[in-house]
Amino acid sequence: LTVNKSIKVIERQEFSSYFTKTVTDALKNDPSMDVADIKLDARTVVMRPLHSRSLCKIHSFFETARGQLITANGWKAAGITDAVKDARATVEDCVDPFAAMTI
């Protein structure tokens, strides 16, 4: 899995839960209702808290060992870890990288 895929999976799960709850509640209120007539409330005032909760779950996931492994593998696949290693190997000891610059 990649970082983006992990995020998409969590977001899909959260929206699916919201959608399922909306349909279930509508059918509890009116069992004879046609499923095609159920309205999904997609206003910002409703979606913002849902999105906020999903972001919290995403953050919690990436704090786990599995999430950190996925992040590390993503960085390796993107070449970020190699770029950092190369940069560290070629940088000379310097306290201020902007010291040579003049204005």
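Keep in mind that this is a model prediction, so the values were computed, not measured.

I'm lost on a nonpolar patch on the surface in this one. Help?
The grouping of Phe15, Phe19 and Leu40 at the surface amounts to a nonpolar patch, some 260 Å² of accessible area in total. By the element assignment, leucine 40 lies in the loop between helix H1 (3-29) and helix H2 (44-63). For leucine 40, a relative accessible area of 31% gives the class partly exposed.

Help me understand the pattern of salt bridges in this model?
Where charged atoms of side chains with opposite charge meet at close range, the side chains can pair. Scanning all chains against the criterion turns up three salt bridges. The salt bridge partner of lysine 21 is aspartate 25, with a shortest N-O separation of 2.8 Å. One end of the pair is lysine 21 and the other is aspartate 25, both in helix H1 and four residues apart, which spans about a single turn. A salt bridge links arginine 43 to aspartate 41, with the nearest nitrogen and oxygen atoms 2.8 Å apart.

Help me understand helix H3 (residues 65-78) in this model?
In an α-helix there are 3.6 residues to a turn, and that puts residues three or four apart on one side. In a regular helix each residue adds 1.5 Å, so 14 residues correspond to 20 Å; H3 covers 20 Å between its end C-alpha atoms and thus fits that length. Positive backbone phi, at 85°, marks glycine 79, one or two positions downstream of H3.

Sorry, what's going on with the environment of isoleucine 10 here?
In this fold, isoleucine 10 is placed in helix H1. The class of isoleucine 10 is buried, set by a relative accessible area of 11%. Between the C-alpha atom of isoleucine 10 and that of phenylalanine 61, which follows or precedes it by 51 residues, the distance is 9.1 Å. Apart from the residues lying within four places of it in its own chain, the contact partners of isoleucine 10 are Ser54, Lys57, Ile58 and Phe61.

Would you mind going over the packing of H1 against H2 with me for this structure?
Think of two packed helices as two axes; the pair is described by the angle between the axes and how far apart they sit. Taken N-terminus to C-terminus, the directions of H1 and H2 make an angle of 135°; their axes are 10 Å apart at the nearest point. Comparing their axes, H2 and H1 come out oblique. For the crossing formed where H1 meets H2, the hand is right-handed. Each of Val3, Ser6, Ile7, Ile10, Glu11, Glu14, Phe15 and Tyr18 in H1 lies in contact with H2, whose residues at this interface are Val46, Met47, Leu50, His51, Ser54, Lys57, Ile58, Phe61 and Phe62. Of the residues that constitute the contact of H1 with H2, the class distribution is 11 nonpolar, three polar and three charged.

What's the story with the packing of aromatic side chains in this structure? I'm lost.
To describe a pair of aromatic rings, one takes the distance between the centres and the angle between the planes. Per the counting criterion, the structure on display carries three aromatic pairs. Taken together, a centroid distance of 5.1 Å and an interplanar angle of 75° make the contact between phenylalanine 61 and phenylalanine 62 edge-to-face. Put simply, the rings of Phe15, Tyr18 and Phe19 pair up and form one aromatic cluster.

Help me understand the side chain of glutamate 14, please; the structure alone is not making it clear to me.
Note on placement: glutamate 14 falls in helix H1. Polar side-chain contacts of glutamate 14 include one of 2.8 Å to the side chain of lysine 57.

What counts and what doesn't
Residues numbered from 1 in each chain as written. Predicted model: local features only at pLDDT ≥ 70, side-chain atom pairs only at ≥ 80, totals over all residues. Heavy atoms only, no water. Patch = residues over 30% accessible without salt bridge, like charges linked within 9 Å, V, L, I, M, F, W, Y side chains within 5 Å. Areas by Shrake-Rupley, 256 points an atom, 1.4 Å probe, with all protein chains shown as cover. Salt bridge = Lys/Arg side-chain N within 4 Å of Asp/Glu carboxyl O. Helix = DSSP H or I, 4+ residues; strand = E, 2+ residues; numbered from the N terminus. Buried < 20%, exposed > 50% of the residue type's maximum accessible area, 1.4 Å probe, protein only. Expected span 1.5 Å × (residues − 1). Contact = heavy atoms within 4.5 Å. Axes fitted to C-alpha atoms, helices over the stretch in contact; angles between N-to-C directions. Parallel < 35°, antiparallel > 145°, perpendicular 65-115°, else oblique. Left-handed = near helix turned anticlockwise from the far one by under 90°. Nonpolar A, V, L, I, M, F, W, Y, C, P; charged D, E, K, R; others polar. Phe/Tyr/Trp six-rings, centres within 6.5 Å; stacked < 30°, edge-to-face > 60°. Polar contact = N/O pair within 3.5 Å; in protein donor to acceptor, adjacent residues only side chain to side chain.

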